[in-house]
Each structure stands twice: as structure tokens, then as C-alpha cells.
There are 2 protein chains.
Amino acid sequence: MFAKDIYVARRRALLEKMAQTAPQGKRGIALFVGNVEAAAQYKDNAYKFRQDSSWLYYFGLDEPRYAAIIDLDDASETIFADDVEIDDIIWMGPQPTVASKAALVGVGNTASYGSLSLAVTKALAQGRNIHFLPPSRYYNTMKLASLVGIPEENVGKVAPIAEDGGRHASEELVKAVISMRLIKEECEIEQLDDAGALGQEMHTVARDSIRIGIIEQEIVGKMEACVLSKGWGVSFPTILTQHGETLHNHLHDKVIEPGKLMVIDAGAENNMHYASDFTRTYPTSGKFTKKQRDIYQIVCDCNELAFKMTKPGITYQDIHLAVAKLMLEDLRSLDIVRGNLDNMVAEGIAGLFQPHGLGHNMGLDVHDMEDLGENLVGYDPDQKRSSQLGLGSLRMARRLVPGHVITDEPGIYFIPALIEKWKAEKRDKGFVNYSRLESYYDFGGIRLEDDVLVTADGARRTGPNRLPILPDDVESAMSS
Amino acid sequence: MFAKDIYVARRRALLEKMAQTAPQGKRGIALFVGNVEAAAQYKDNAYKFRQDSSWLYYFGLDEPRYAAIIDLDDASETIFADDVEIDDIIWMGPQPTVASKAALVGVGNTASYGSLSLAVTKALAQGRNIHFLPPSRYYNTMKLASLVGIPEENVGKVAPIAEDGGRHASEELVKAVISMRLIKEECEIEQLDDAGALGQEMHTVARDSIRIGIIEQEIVGKMEACVLSKGWGVSFPTILTQHGETLHNHLHDKVIEPGKLMVIDAGAENNMHYASDFTRTYPTSGKFTKKQRDIYQIVCDCNELAFKMTKPGITYQDIHLAVAKLMLEDLRSLDIVRGNLDNMVAEGIAGLFQPHGLGHNMGLDVHDMEDLGENLVGYDPDQKRSSQLGLGSLRMARRLVPGHVITDEPGIYFIPALIEKWKAEKRDKGFVNYSRLESYYDFGGIRLEDDVLVTADGARRTGPNRLPILPDDVESAMSS
């Protein structure tokens, strides 16, 4: 946990932001429901507990079945949770009281978890606004629906509370929280570097474990060991595949074969729950073929270009488009695409090869605050999200400011199903050389990803030991 | 996955059992809702997928968002799930169809996931019984409530459908499923042995990793690596603690200190989702003190007695009580308790030292079928559950039959809060020598656990390589 003052200051800042949404006496309450245990098999056999990220940000307490109310009119704060009973002490050992834990994050009032519904009912009876964030989990959906007395399908809908008094999640609260969590504090940057160190260690273990003939799962196990020994665990399910063209592949049942490209996209969540997220692509045999190296070098150059351009004042959308242009230029030199570069960029031709965005925000979530609304998180009010494949998947488009932490993750994939679709629909407007592209149907994919902090005058990569990325460096790391 | 015939035979057997609950035409449908992904952080960042165990048992398909209906009157079967779209193929690669997957488990009819609600609505409109199992997860609770049109709080209530037509979970279906899953088939025993092998490997890694001065979490990470490299993962959150008296301790943040006892209670779930569950207790310094060895030997003898007694025909409750008697006899020889053994057993004095039961059923869940109802799973119709501390927590009391797989896990703990409570309430009826007991307040606890299959004429332990358990063997394993 951070020092008490951090949480007190964050809640004070939140209160000030919410004060701008309505005059005093008309603001209502902000309701935060933390996570409970999530059953893996039966109810008492739970997955490893993961607290809600916004709860962690404002209230820090990393335990299940906590909730809180901040009164936006009189600034009072109450944490709702239950002290343990004698029966619990037998099973769990002596536990500090809820009051003593609340004091660690600067909250003076506590009440039982059960009394939360009374507090909300009272606020409702007084006609006060109930501000809450759209929940990520089914329990929180059920709990919020029950507390506020609304249908479950409304709980995740985000709209301004001012309009109808709050029969849904609060856009005012969402925006206030995003504006804070998006800009990382010094103490958070330290944690992101720490998670970066762990992620880099995990990737090093992975790289050193690649052997022809073993099952992919063996490597995944070693990576998890590394992060579980020092951190909370993986920040998302590890992608480790010899079919990099399959972007969301969480099976690890294949034997490692010679001559393939292995994409490893994985990150660590440290014990403070900050995330890292790195991708490297390795030749399973230890050496790239000429064909592999040509594509690899393009992705590597795109990764470097994005990093060099990253600084306050430019939008990440512009960087995405600059990367798309460089990628197309290099693919043109391989005769995979043909024609005018700017026209190809405008037509979104790069989306055929990189059907995802250049990057996303990172923090307590590896896709930071994704459930608060991708557009509210990743787009400035004057930006509109594209509908193009690739650019349309860009999660972070905003004009950069110091304190943003984002991923830089260009990729090139040859996805036969997608290529055939474009060909059939003439979606490429004649820019694609399909006869050349056919020879890449068994190529797979390449992605290269670092995590980047926007600084006062530029950017730096997080994590102390950047993973080798230049093709020669990768080959030499694999042979040592 | 098992061969198709296994699943076909299981569903046929289930159909026959359900046929006994009502005449043809009055039986209704059995509705099975598999698990969906469970969010860890935001919705798209899910915990590692774990399918519902009863779904796995009858339908085998290990993927999210599957459901099925078995028509108990005409014996037709339908699986409800969605084929992937082109967009999904881009992200997930080409996928076999739902129909081809259903064929793998012998189900001929498939329909979209969305059409499940139509099918249930139709059955409801026809006044048919809807049999379903009480769900473990919040999603399944919400989904079943919505499908059947009942309040969420009714979904988990188990009662005979015959009584009111089924505005709750079906006791008939619960009983039929329990009667089948309780007796392990040959193919399941192979899997339990496989999970046992992995669990034993995991425990060996743990034992070999104990070093004074390291953080407990380091060992936990290595254990997870071991199981994730070859299996699904841990079968429950690992307990690894120098405070064995704290029965449910999932924190691993302590430095390993000399002279302590370390309880490691952990198991593996293999890729077919069968569980193992073993406990060993190690002296952190590699050698037991005299005081530690005396208590350790008692627990070891209790473990052996339970195993020796395990055979068809005896109840596990009687074995629990025999173990309690031996434990009290040995504690009496240490002058920790005093008095008549049978009277002490009758008064439940053993519960002060072992406030849990001797064991539980195991299978696809490490506490097999716990959410179907502990008493329905673990007690014969003629057995009544005790309210005594310890015996009252016995999860498996039944008369043993071949095919039962159970844990044998006696333990002795010195829990100051519990001892003080008994002393204050004179709960011990004068049998406890508190002045002697005080010297054990910093002792901790010891538990020793194996998994046991009831055979035709006795029992055998599952897993190929039993972990060293005799105190000399433990010390010698730790020194090698």
C-alpha cells in the first residue's frame, strides 16, 4: 500500500472534480463497491483475489468485500466492511479491525458491509444522486443493481447523472476518475518500473527456454513461476504462439517446431497491482530466415519510430498513422503493396497487416480503465474514433501529456482468412499485390512491444532492462 | 477430452436416473449452463478459463459460453453455442464448428447460444419442469434467473421439483449427478493419478526449495510453475505457512525463519481438470525439535490409521472418530488432555486440536461437488451431520464403496484464540490441561494429507510417488 497521504490527496482531488459537476447540496454520493472473491470451481474455491482497480486507486485496501461512500456534498467518507468473528479467527488468524485498516488510507468512518444498503437507500429516499462506476464483474453488477434498485442491464450504461438522477453509471464520475488515473504519479511510475522489471525477467526466462521439441506450455509455466515468485501474477493471460497471426491465442499445447516465429506477449502484475506488457518475437531455431528478418526489421523500425515520436503535444493517433506509413513504405519495397503511400494510409491498407492499434494506456489495468469506456479513456473530446480496421482498434489516441504510460506495439501478421476476405471484397482498392502475398500465408506474425512513459520533454521506456529487440541482438541473446 | 462413448454413457445413465423421478411426459428438461470467462480486472482480461465441473462431466467441451438441454421425456439433446464469425477468426484463428465439437461428445443437435432462452421459454410455456443444478458463479446465477424467470436468490436453493414445478434448483437432478460423480470411473481414476503425480512433483519442488531467509512467495511461485508447465494449474490457492494453526492462510509474504513448522497444503489440477490435494509439514531448519516430533508423530499415526481402516463398508465418519480417539490417546500421553478416552471422543474434545474433518471427496473439484450441497454429497440418507467443532466440519461421512476418492488429512493445531475461548466457556468439561497447553501457544500446527481411492477390498493412495511422511524420511529428504 502507498502512504496514507496519497489516498487522502486522491480522494480530495476527486471531490474537487466532482464539485464542478453540480452545486453543493445537489452533488449526491459516490459509491464504490470493491471486488469479492470469484469462484473458479465451487464458491469457496476462488481464483486468486484481484481487487477492483479504481478501488485500489482511491482506497488501497486489497481485500474482498469492501465498499465505500464519499459524500460529495459534505465530504464525509465511510468504508463498509465486516470485522472478523471468533470463527474466522480460528481459520484466518487474528486480523486487524476494519477501522484500523481504514485508518491506513485516511478514512475515519467505518460501518458493516450489510449497512451499505441502508446508506444507499437513505440517499435514494432523499433524492440524492448516486454516482458509481460501470462494474467489471458480475457480482458488482448484481450488487449495484440491488443497492440502487435498477435493472442489471442499466448498471453498465454510462451517461450523465445530471440528466435523469442516476439510474445508471455516472459519466461525471467516470470522467473524473479517468482524468486522474490517466496521469501517473511518481509513486505509480516507480510501480510501473517495478512491474516492468518483473516482466522483463519473465520474458528473459521465456527466451532462454525456447527449445525445439518441447511443449509451449512448459515455457508458460516457467514464466508464471517467475512472476508469482515476486509479484501478483501475470497481468493478462500469456500469449505464446508459433501462430502469431492468431492475435488472441491462449492455448499452449503445440510442440515447438524449427523455423517458426514465436510471438510472446506477456506481462507481470506486481504485488501493488501495476502492470507491464511486453512482446517479443523469436525465431524458434535461434536464427531468422531472410524472409523472416525482412519483416522483423520493418516491425522493429516501426517500434523505434513510434518511440522517437512520443513526446508531449503530439497525438498517439498521429503516431499510429506515421507508423502505418512507414510500415507500408517498407512493405512496398518488398512488393507486397504498390502505389501512393499517403493514399494507402488514408485507405487504411495498413490494417490488413496490423489489424490492431499501436498501443493502449497502462496502469493498474494492463488496458488501463478499459471498462470505464474505451473512448472516454483513450480519446480527447475533439477526437473521433475511426471505423477502419486497425486504426479503429486504437485504444489510445489522445494528445500526449507527461505522465501518460502507453504501449508501443506495432505488428505485421499474414492472416489468410483476412487476406482472402479483402481480396473477395476488393477492399484493398488495388494496392495489394496478392500474388506476392500468397507466399506469406504460412509466415505467421510478428509483434514487438515496449511500455513507454511520456516525460516532460519526450519519453522513456519503463522497466530497467529493455529486452533485446534488434534482430542481431535477439539472435545473439538466443545463442548465449 | 475422453472418448465420445464416455459422455454418451454418462448422459444415458443420467437420463435413466431422472426417469425414476417422474413418469414419461412429466419429467421436463435438464438445463446445463456452462461457465463463461470471469473478469480479473476489466471484462476482457479474464482469469484462466475454468469450465463448470458438471458440464465437463456430461458434455466435456472445455470452452466458455456453452449450454445444453437434455429433454428428459424424449431423450433428445441439444448444445447451445455460437460459431465464430470472420472477425473472430482474425483474432482467434480458424475454429472448428460447434456442430463438430458437439459431435465429439456425441450430441447431434446444436443451436445458437441466444436461442437457449427461446427453448427454455417454450418449455416453461408448456408447463414442463426445468431441472438445473445450483450454480457456483455469479454469471450462472444471473443467467439461470433470467432464463427461468425467477429471483436470483432462488437459483441456488435446492428442493424437489416435484413439489412446485421448479422455481429453484432441482434436488432430483442434484442427487442423480452426485450419485454418478461420487463413484469414479476407470478413466477418471487415471486422471486422478495423473493429477496426483503432478501434485507430488509440485510438493517435491516445494520441499527442496525451503531455505531460511527467503520469502514464502518464492516457493509458491516455483510450485505454480511446476503445475502450469504440465497441468491447468493449482487445484486451489496454495496454503504455505509457518503458522499452520491458521487454517486458511493464503498470504505468502513472510520470511522463512529457523525452528518453525511449515505447512504446505497444495494440489494440482491437470489439463483434464482432475484434482489432487496433499499436505506435508516440514521443519524449516530441516530437523524436528523433540516437541515438534512428538506432535508430528501423532498426526502421522492418525494418517496411517485412517488409511488402514479405509475399505468398503465402513463409514468415513467412523474413521474420523477412530482417528479422534487415537489423537486424544496420544495427546493424553503428553499430558495435554486427561481422562476417559471414549468420553472425550463423545464430548468432541478432539475438535479443539483438529477443528476440521478428516477428509472430503475429490474429483473434478478438489472438494468434489461442494456447491451441490455438502450434506447431499457427503452424507448417506441415514446419516445426520454433527454440530460438534471438527466432526461437524466433516465433509465426507458416507459408508465407503469402491470408487470413492477421498482425502485423509488429520491435523493438530494449537490455536490460542480457540483455546482461550474453550477455557473461558469451560467447553472442555475438564478434559484439557490448560497449564500444559500454554507451552504450545507458539507451536503452530501440523497437517498431513494423502488422497485415497477406495478399492474392492481396501484402499490405495492415488499418485505414483507418495511424498515422504515419516519424520525420519522427511528429515532425510530435506537433507539430500
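Residues numbered from 1 in each chain as written. Chains lettered and ligands numbered in written order. Predicted model: local features only at pLDDT ≥ 70, side-chain atom pairs only at ≥ 80, totals over all residues.

Draft legend 1. Seen up close, the overall build of chain A. Check the secondary structure of chain A and you find 19 helices and 17 strands. The C-alpha radius of gyration computed for chain A amounts to 24 Å, which stays within 12% of the reference 23 Å derived for 480 residues, consistent with globular compactness. By the burial criterion, 51% of the 480 residues in chain A qualify as buried. A fraction of 72% describes how many contacts in chain A between residues 6 or more apart in sequence connect residues 24 or more apart. (Helix = DSSP H or I, 4+ residues; strand = E, 2+ residues; numbered from the N terminus. Rg over C-alpha atoms; globule rule 2.2 N^0.38 Å. Buried ≥ 20, exposed ≤ 12 C-beta atoms within 10 Å, placed from the backbone. Contact = placed C-beta atoms within 7 Å.)

Draft legend 2. Region of interest: the packing of helix α6 (residues 138-148) of chain A against helix α6 (residues 138-148) of chain B. Axis separation between α6(A) and α6(B) bottoms out at 8 Å; the angle between their running directions is 55°. When the axes of α6(A) and α6(B) are compared, the pair comes out oblique. For the pair α6(A) and α6(B), the sense of crossing is left-handed. The residues of α6(B) that touch α6(A), namely those facing A:Tyr138, A:Tyr139 and A:Met142, are B:Tyr138, B:Tyr139 and B:Met142. (Axes fitted to C-alpha atoms, helices over the stretch in contact; angles between N-to-C directions. Parallel < 35°, antiparallel > 145°, perpendicular 65-115°, else oblique. Left-handed = near helix turned anticlockwise from the far one by under 90°.)

Draft legend 3. Highlighting the interface of chain B and chain A. Counting residues at the interface gives 53 residues for chain B, matched by 53 residues for chain A. Secondary-structure elements contributing two or more residues to the side of chain B that touches chain A are α3 (86-92), α6, α11 (216-230) and α17 (416-425) of chain B. With eleven residues, the top contributor of residues to the side of chain B that touches chain A is α11(B). Here the side of chain B that touches chain A is composed, by residue class, of 26 nonpolar, 13 polar and 14 charged. (Nonpolar A, V, L, I, M, F, W, Y, C, P; charged D, E, K, R; others polar.)

Draft legend 4. Molecular detail of the sheet that holds strand β16 (residues 450-454) of chain A. Residue and element names in this part refer to chain A. Spatial ordering of the open sheet is given by β13-β16-β17, a layout of three strands whose pairing is antiparallel. Bordering the open sheet on either side are β13 (405-408) and β17 (459-461), each of which pairs with just one other strand. Direction aside, neighbouring strands of the sheet carry axes that sit 35° apart on average. Of the pairings in the sheet, the one linking β16 to β17 comprises three bridges and is antiparallel in character. The residue of β17 that forms the bridge with Leu453 is Arg460. (Pairing = 2+ DSSP bridges.)

Draft legend 5. Fine view of the relation of the copies chain B and chain A. When chain B is fitted onto chain A, the two copies agree to an RMSD of 0.0 Å after a turn of 180° and an axial shift of 0.0 Å. The two molecules are tied by a two-fold rotation axis, judged by turn and shift. Within chain B, B:Ala225 has its C-alpha nearest the rotation axis, a separation of 2.2 Å. An overlap of 100% is found between the interface residues of chain B and their copies at the interface of chain A, pointing to a shared contact surface. (Least-squares fit on C-alpha atoms with pLDDT ≥ 70 in both.)

Draft legend 6. Spotlight on the domain arrangement of chain A. All names here are of chain A. We note that the domain assignment places domain 1 (4-181) and domain 2 (186-479) within chain A. For domain 1 and domain 2, the distance between their C-alpha centroids amounts to 35 Å. Taken together, the 14 residues of domain 1 in the interface contact 13 residues of domain 2. Broken down by secondary-structure element, the contributors of at least two residues to the side of domain 1 that touches domain 2 are α2 (53-59) and α9 (171-181). Grouping the constituent residues of the side of domain 1 that touches domain 2 by class yields nine nonpolar, two polar and three charged. (Domains from an automatic or database assignment.)

Draft legend 7. How the structure looks around helix α9 (residues 171-181) of chain B. For α9(B), a buried count of nine out of eleven residues is recorded, marking the element as mostly surrounded by other parts of the structure. Within the sequence span of α9(B), burial applies to B:Glu171, B:Glu172, B:Leu173, B:Val174, B:Lys175, B:Ala176, B:Val177, B:Ile178 and B:Arg181.

Draft legend 8. Structural detail: the confidence of the model for chain A. For chain A, per-residue confidence averages 95 on the pLDDT scale, and residues scoring 70 or more make up 99% of the total. Here the predicted complex scores 0.94 on pTM and 0.92 on ipTM. (pLDDT = per-residue confidence, 0-100.)

Draft legend 9. The arrangement of the nonpolar core in detail. Residues A:Phe59, A:Met327 and B:Met327 are the most contacted members of the largest nonpolar core, which totals 252 residues. Here A:Phe59 is in contact with A:Tyr7, A:Phe32, A:Tyr66, A:Ala68, A:Ile79 and A:Val105, once residues within four sequence places are set aside. In this structure, A:Tyr42, B:Ala38, B:Ala39 and B:Tyr42 belong to the second largest nonpolar core, which totals eight residues. (Core = buried A, V, L, I, M, F, W, Y, C linked by C-beta atoms within 7 Å.)

Draft legend 10. Examining the pairing of strand β3 (residues 77-80) of chain B more closely. All names here are of chain B. Direction of pairing for strand β2 (residues 67-71) relative to β3: antiparallel, over a ladder of four bridges. If you follow Ile70 over to β3, its bridge partner there is Glu77. In sequence, β2 turns back onto β3 through a hairpin of five residues, with Ala75 there showing a positive phi of about 70°.

Draft legend 11. Representation of the sheet that holds strand β4 (residues 109-111) of chain B within the structure. All names here are of chain B. The strand order across the open sheet formed by five strands is β4-β3-β2-β1-β5, and the pairing between neighbours is mixed. Where the open sheet ends on each side, the last strands, each with one partner, are β4 and β5 (130-131). Of the pairings in the sheet, the one linking strand β1 (residues 29-33) to β2 comprises five bridges and is antiparallel in character. Among the inter-strand pairings, Ile29 is bridged to a residue of β2, identified as Asp71.

Draft legend 12. Region of interest: the packing of helix α10 (residues 186-209) of chain A against helix α11 (residues 216-230) of chain A. Residue and element names in this part refer to chain A. At their nearest, the axes of α10 and α11 sit 9 Å apart, and the two run at 155° to each other. Overall, the two elements α10 and α11 adopt an arrangement that is roughly antiparallel. The two elements α10 and α11 cross, and the hand of that crossing is right-handed. Along the contact surface, α10 presents Leu198, Glu201, Met202, Val205, Ala206 and Ser209, while α11 presents Ile219, Lys222, Met223, Cys226, Val227 and Lys230. Among the residues forming the contact of α10 with α11, the class breakdown is eight nonpolar, one polar and three charged.

Draft legend 13. Here's a closer look at the pairing of strand β12 (residues 278-283) of chain B. All names here are of chain B. β12 sits mainly inside the fold: six of its six residues count as buried. Along β12, one buried face is formed by Phe278, Arg280 and Tyr282 and the opposite face, lined by Thr279, Thr281 and Pro283, is buried too. Of the strand pairs in this sheet, strand β10 (residues 261-266) and β12 are connected by six bridges, and their pairing is antiparallel. Bridge pairing in β12 places Ile264 opposite Arg280.

Draft legend 14. Here's a closer look at unusual backbone geometry. Residues and elements named next belong to chain A. For His273, which is not glycine, the phi dihedral falls at a positive 75°. Residue position: His273 is located in the loop between β11 (268-269) and β12 (278-283). Given 22 C-beta atoms within a 10 Å radius, His273 is considered buried. With a phi close to 55°, Lys429 is a non-glycine residue in the positive phi region. Among the structural elements, Lys429 can be located in the loop between α17 (416-425) and α18 (434-437). For Lys429, a count of 13 C-beta atoms within 10 Å puts it in the partly exposed group.

Draft legend 15. Main features of the environment of B:Gly244. All names here are of chain B. Note on placement: Gly244 falls in the loop between β9 (239-241) and β10. Note on Gly244: 26 C-beta atoms within 10 Å, which makes it buried. Along the chain, Gly244 and Leu418 lie 174 residues apart, while their C-alpha atoms are 14 Å from each other. Residue contacts for Gly244: discarding those within four places in its chain leaves Leu261, Val263, Thr281, Tyr413, Gly444, Gly445, Ile446 and Arg447.

Draft legend 16. Structural context of the environment of B:Gly231. Residue and element names in this part refer to chain B. Residue placement: Gly231 occurs in the loop between α11 and β8 (233-234). Accessibility expressed as a C-beta count within 10 Å gives 27 for Gly231, which makes it buried. Considered as a pair, Gly231 and Glu269 are 38 residues apart in the sequence and their alpha carbons are 6.1 Å apart.

Draft legend 17. Geometry of the environment of B:Ala111. All names here are of chain B. Looking at the secondary structure, you find Ala111 in strand β4. In this structure, the C-alpha to C-alpha distance between Ala111 and Met142, residues 31 residues apart in sequence, is 21 Å. Here Ala111 is in contact with Thr78 and Phe80, once residues within four sequence places are set aside.

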